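Fold and geometry: a report
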Amino acid sequence: MKVLLCISHVPDTTSKIRFTDNDTAFDKTDIQYIIGPHEELALTRLLEVKEAIGGMTITVVNVGLKETEPTIRKALAVGADDAIRVEADPTDALFVAKQIAEVYKQGNYDLVVTGKETIDYNGAQVGEMIAELLDLPSVTSTSHFDIKDGKAQLEREIDGGKEVIEVDFPFVATSGKGFALEPRIPNMRGIMQARRKPLAVVQAVNQEIKTKTNQFYLPEVKGACTFVDAENVEELVRLLHEEAKVL
Amino acid sequence: MSVLTYTENWDGKFKKSTYELLSYANEIAKKAGTELIALTIGEVDNEELKSLGNYGASKVLVVKNEKLNDFIAKSYSSAISQVAQAQDAKFVIFANNVSGRALAARTSVKLDGGFVPGVMQLPSSIEPFVVRKKAYSGKAFADFELNSDIKVLSLNQNSFKIIEDAKEIAIEEASVEIKDTDLGAKPQSVEKASGKLLITEAETLVSAGRGLKGPENWGMVEEMAEILGGTTCCSRPVADLEWRPHEEHVGQTGKVVAPNLYIAIGISGAIQHLAGVNSSKVMVAINTDEEAPFFEAADYGIIGDAFKVVPKLNEALKKFKAG
Ligand SMILES: Cc1cc2nc3c(=O)[nH]c(=O)nc-3n(C[C@H](O)[C@H](O)[C@H](O)COP(=O)(O)OP(=O)(O)OC[C@H]3O[C@@H](n4cnc5c(N)ncnc54)[C@H](O)[C@@H]3O)c2cc1C
Ligand SMILES: Nc1ncnc2c1ncn2[C@@H]1O[C@H](COP(=O)(O)O)[C@@H](O)[C@H]1O
């Protein structure tokens with residue numbers, strides 16, 4: 001079983017977001033980068049399944065510039081077997097999906113896994129786009145993932161519930177809430193081994209760019225919080241009704 | 001040329017978000033000087049279909065096909081793309097919910113269009129097409145320019161108001177061809193919390209965190225949601241500890257919500273939690289700790305013990321509602 005796991009390289013979840021160049025570019029100063037949290041959980045679950053069934057290789061792929069390599073090495077340290085970096089600035093979702101579809105075609109994979117969404121671009125679209133480009137079935141927002149007797153056993157989140165899904169390999173799964181709970185932390189041995197694991201760099205293929213970001217904005221600064229005395233909750237009800245007009 | 005919206009139905013019924021979606025698409029159709037067409041898949045009765053005309057749709061196309069009995073992103077997006085092509089749609093607009101997002105992404109690839117997911121307001125310009133969405137998990141916004149002939153959008157829920165624009169609506173059937181290879185991921189069984197208001201649709205959310213100590217204490221939270229006609233949600237540790245169902249988890253790694261009123265009880269206000277809720281119009285925090293970060297984001301706050309404040313607040317709200 002060959003699995004291709006797509007990982008994004010994103011600002012740590014606690015980052016304070018700032019922009020530069022007249023708010024047209026993200027300010028990378030002092031930003032720590034991490035593996036996208038959804039992909040980190042997906043990797044954890046894939047490793048659990050691999051340990052249970054054996055005979056699985058997990059290749060991580062990232063579309064990014066050289067600066068993403070520490071993030072890729074971290075995935076290798078957690079336990080991925082090898083890695084591919086597509087040399088390009090990942091500006092547009094379709095562009096990223098196209099690169100990953102190309103990597104898939106070169107590698108005879110049985111399964112592609114992506115996170116639910118990136119925490120910087122918040123697209124939640126790359127996984128489905130890959131599936132569409134490769135004419136593969138997809139399972140979106142997968143909330144349970146297992147492989148037993150060579151068959152995929154999945155559940156997916158739907159609006160207002162969940163669904164058990166049967167799907168034949170190969171397919172694309174995007175990981176959702178419940179895929180795994182706690183991310184696996186790399187140990188010393190993993191970190192040592194990661195240095196020697198293969199990380200191939202491949203050139204990007206052409207894809208027309210259809211979307212671009214012109215301008216960023218920060219949310220308006222909120223006014224100070226109005227405090228209401230705990231003994232006077234009627235005052236809160238009054239404010240919500242008369243001032244905020246939400247009751 | 002036309003603007004096509006995919007108006008999902010739930011067992012033959014539309015929701016508030018359907019009408020938000022139509023209202024939004026109708027404004028785009030007006031700006032682009034063209035008609036608004038709705039598309040729905042499966043059995044919906046005529047009365048329900050006619051309701052789409054109240055928000056600007058001049059035609060609704062109903063696709064009935066046995067192969068579309070189960071929701072499968074590949075087959076549904078194939079159906080939608082076929083209709084979009086037949087109607088010469090230049091805009092195809094979806095609700096930004098779990099199914100809408102998946103369909104929009106696939107449809108944009110099929111139609112060779114560009115896709116901006118999770119738009120939150122009308123485009124600031126049509127030529128070039130520029131529209132705003134959230135970025136950095138709600139910590140910022142970005143203006144996206146879309147440079148393709150066919151434009152695919154998904155609209156964030158609760159971000160656009162419903163605007164009535166009554167039209168005489170034509171109801172027609174549309175036929176599509178579904179290949180067996182489009183049916184690869186087969187749903188086997190469904191578990192649905194029937195009748196429960198979805199947290200992404202609710203106008204009022206009462207949310208509670210680890211400050212509530214244990215699942216047995218949620219009665220007063222549910223009571224408040226009921227009084228306010230809203231529903232409940234929670235912070236991530238509460239879902240991880242299985243005090244509450246996972247669907248209720250909001251935040252950066254959970255659901256992103258934008259209600260009119262968000263009441264946070266015993267939630268510290270970590271940046272990852274706020275990322276999922278900071279588009280709420282009004283936020284109230286109730287917390288024992290006056291230093292809790294939630295008070296920096298909240299509009300109104302009560303420093304106090306939830307176990308004392310919430311029951312009193314429920315009584316006051318009940319009195320208010322009783323008039
Ligand atoms: C990668 C990553 C992603 C994350 N994603 C999310 C996410 O999507 N959503 C999310 O919520 N979190 C997320 N988190 C976790 C987040 O950092 C916080 O740990 C979490 O939000 C804290 O939950 P809490 O406020 O319920 O609990 P706590 O931090 O334990 O806070 C409990 C609060 O209750 C107050 N309290 C205690 N007793 C009472 C009382 N009797 N009455 C009133 N108040 C009381 C306390 O003062 C405290 O402020 C994420 C973390 C990481 C690292
Ligand atoms: N630059 C990238 N390289 C590899 N995978 C990516 C990249 N960007 C996004 N992905 C994957 O696609 C998923 C969805 O991304 P998005 O559509 O941007 O929200 C992420 O969770 C990743 O698994």
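A quick note: this is a predicted structure, and the numbers were derived from the prediction, not measured.

Within this structure, the stated rule accounts for 46 salt bridges over all chains. With its nearest N and O atoms 3.2 Å apart, the salt bridge here joins Lys312(B) to Glu231(A). Of the two residues, Lys312(B) sits in helix α9 (residues 306-322) while Glu231(A) sits in the loop between β15 (226-227) and α6 (233-243), which places them in two different chains. Owing to a relative accessible area of 33%, Lys312(B) belongs among the partly exposed residues under this scheme. You can call Glu231(A) exposed: its relative accessible area is 62%. Linking Lys318(B) and Glu315(B) is a salt bridge whose minimum nitrogen-to-oxygen distance equals 3.4 Å. Within this pair, Lys318(B) and its partner Glu315(B) are both found in helix α9, separated by 3 residues, close to a single helical turn.

Next up on the list: the site of ligand 2. Residues and elements named next belong to chain A. With respect to spatial proximity, 18 residues lie near ligand 2, and among them Cys6, Gly115, Thr118, Ala124 and Gln125 are the closest. A distance of 2.7 Å separates an oxygen atom of ligand 2 from a polar backbone atom of Cys6. In the environment of ligand 2, an oxygen atom lies 2.9 Å from a nitrogen or oxygen atom belonging to the backbone of Val126. Alone, ligand 2 offers 480 Å² of accessible surface; in the complex the protein occludes 95% of this. Going through the elements one at a time, β6 (57-64) and α3 (93-107) are the ones with two or more residues in the shell around ligand 2. Per-element tally for the shell around ligand 2: the top contributor is β6, with 3 residues.

This part covers the environment of Ala202(B). All names here are of chain B. Assignment of secondary structure puts Ala202 in the loop between β10 (185-192) and β11 (204-208). With 104 residues separating them in the primary sequence, Ala202 and Ala306 have C-alpha atoms 23 Å apart. Once residues within four sequence positions are removed from consideration, Ala202 is found in contact with Asn158, Leu197, Thr231 and Pro259.

With that settled, the discussion passes to the sheet that holds strand β13 (residues 261-265) of chain B. Within the open sheet, the 6 strands sit side by side as β15(A)-β15(B)-β14(B)-β13(B)-β11(B)-β12(B). Their pairing is parallel. With one partner strand each, in any of the chains shown, β15 of chain A together with β12 (231-234) of chain B form the two edges of the open sheet. Pairing of β11(B) with β13(B) involves 5 bridges; the strand directions are parallel. Note on β13(B): the bridge partner recorded for Ser207(B) is Ala264(B). Against the sheet, helix α5 (residues 219-228) of chain B contacts β11, β12 and β13 of chain B, and its axis sits at roughly 175° relative to β11(B).

When pLDDT is averaged across chain B, the result is 95; 99% of the residues are at 70 or more. Listed scores for the predicted complex are pTM 0.94 and ipTM 0.94.

Residue and element names in this part refer to chain B. Taking 1.5 Å of rise per residue, 14 residues should cover 20 Å, and helix α3 (residues 73-86) covers 20 Å from first to last C-alpha, within 8% of that figure. With 11 of 14 residues buried, α3 lies mostly within the body of the structure. Taken together, the buried positions of α3 are Ala73, Lys74, Ser75, Tyr76, Ser77, Ser78, Ala79, Ile80, Ser81, Val83 and Ala84. Following α3 by one or two positions, Asp88 adopts a phi angle in the positive range, close to 50°.

Thresholds applied
- Residues numbered from 1 in each chain as written.
- Chains lettered and ligands numbered in written order.
- Predicted model: local features only at pLDDT ≥ 70, side-chain atom pairs only at ≥ 80, totals over all residues.
- Heavy atoms only, no water.
- Salt bridge = Lys/Arg side-chain N within 4 Å of Asp/Glu carboxyl O.
- Helix = DSSP H or I, 4+ residues; strand = E, 2+ residues; numbered from the N terminus.
- Buried < 20%, exposed > 50% of the residue type's maximum accessible area, 1.4 Å probe, protein only.
- Near = heavy atom within 4 Å.
- Polar contact = N/O pair within 3.5 Å; in protein donor to acceptor, adjacent residues only side chain to side chain.
- Areas by Shrake-Rupley, 256 points an atom, 1.4 Å probe, with all protein chains shown as cover.
- Contact = heavy atoms within 4.5 Å.
- Pairing = 2+ DSSP bridges.
- Axes fitted to C-alpha atoms, helices over the stretch in contact; angles between N-to-C directions.
- pLDDT = per-residue confidence, 0-100.
- Expected span 1.5 Å × (residues − 1).

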